Amino acid sequence: ICPCSSQTGRKGSSKAVKRISWLTMCIRMMVRLLEAPNELTQRQAAKAIANMSVNVSNKRKVVQEGAIPGLVGLLNSDNLAVQIEGLAALANLAVDHENELEIVRQGGLGPIMSVLRNANSLLLGYGMVGDTVVAEHLCEIQAQGARCLRFVAPNPNPNPNPNPNPNPILNLCHTTPYHFMIR
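Residues numbered from 1 in each chain as written. Predicted model: local features only at pLDDT ≥ 70, side-chain atom pairs only at ≥ 80, totals over all residues. Heavy atoms only, no water.

Here's the deal with the overall build of the chain
Each helix and strand counted, the chain has nine helices and zero strands in total. Counting every position in the chain, which comprises 183 residues, the buried fraction comes to 40%. By sequence separation, contacts in the chain at least 24 residues apart represent 63% of the contacts at least 6 residues apart. As displayed, the chain offers around 10400 Å² of accessible surface, 57% of which is attributable to carbon and sulfur atoms. (Helix = DSSP H or I, 4+ residues; strand = E, 2+ residues; numbered from the N terminus. Buried < 20%, exposed > 50% of the residue type's maximum accessible area, 1.4 Å probe, protein only. Contact = heavy atoms within 4.5 Å. Areas by Shrake-Rupley, 256 points an atom, 1.4 Å probe, with all protein chains shown as cover.)

Digging into the pattern of salt bridges
Enumeration over the complete set of coordinates arrives at four salt bridges. Where Arg 28 meets Glu 65, a salt bridge forms, and the shortest distance between an N and an O atom there is 2.7 Å. Taken together, the residues span a long stretch of sequence, with Arg 28 in helix H1 (residues 22-33) and Glu 65 in the loop between helix H3 (56-64) and helix H4 (67-74) at a distance of 37 residues. Here Asp 96 and Arg 60 are joined by a salt bridge, their closest N and O atoms 3.2 Å apart. Here Asp 96, found in the loop between helix H5 (80-94) and helix H6 (97-105), pairs with Arg 60, found in helix H3; they are 36 residues apart in sequence, far enough to count as distant. (Salt bridge = Lys/Arg side-chain N within 4 Å of Asp/Glu carboxyl O.)

Some remarks on a nonpolar patch on the surface
On the surface, Ile 20, Trp 22 and Met 25 cluster together to form a nonpolar patch covering roughly 360 Å² of accessible area. Assignment of secondary structure puts Met 25 in helix H1. Met 25 gets classed as partly exposed once you look at its relative accessible area, which sits at 35%. (Patch = residues over 30% accessible without salt bridge, like charges linked within 9 Å, V, L, I, M, F, W, Y side chains within 5 Å.)

So, the environment of Ala 81
Counting through the fold element by element, Ala 81 comes out in helix H5. For Ala 81, the residues in contact, after removing those within four places along its chain, are Arg 43 and His 137.

A word on the nonpolar core
Counting 41 residues, the largest nonpolar core has Leu 34, Ile 49, Leu 71, Leu 87, Leu 90, Ile 112 and Ile 141 as the members making the most contacts within it. Elements with a minimum of two residues in this core: H1, helix H2 (39-52), H3, H4, H5, helix H7 (109-126) and helix H8 (132-152). Ranked by the residues each element gives to this core, the list is headed by H5, at 10 residues. The contact partners of Ile 49, leaving out residues within four places of it in the chain, are Met 30, Val 31, Leu 34, Val 62, Ala 67, Leu 71 and Ala 89. (Core = buried A, V, L, I, M, F, W, Y, C linked by side-chain atoms within 4.5 Å.)

Below, the structure written as structure tokens:
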């Protein structure tokens, strides 16, 4: 009998053995690592979840294993790179409509908006004299946040035709011109 089988392997036995897939174990480990005290570990765990969440069949598994609270929690980090990875993972998960609703149900919309507001304020303060790396991180936060909101924010026009006036929530992501920020 195959080691992946749900049977014990004993002749005549039909007792099912619960087997956990490698993918499930990996997702569980990454979800736990989102809570690690080390920011680099948190960042890498979020990046791994974002990468796993590109696969359509993995998106719901990641949410079922409880990743949303940990990813939303990363948005409170003072480390911009951690925020970027948290936003990227949430954006990948939000492509699935059920996950999109779950992110909203679990309180993700407020922290996403807060991170974007903070990034916009910081970008406006940096102008031409700011740290280029920080400005690049803030622009990446805006880009990933816009991806999240594209899926999570309510669509004011349910009509399938494109809306000539974009969703006002997304305007937040476009209030700061990027071209003068990065040298």
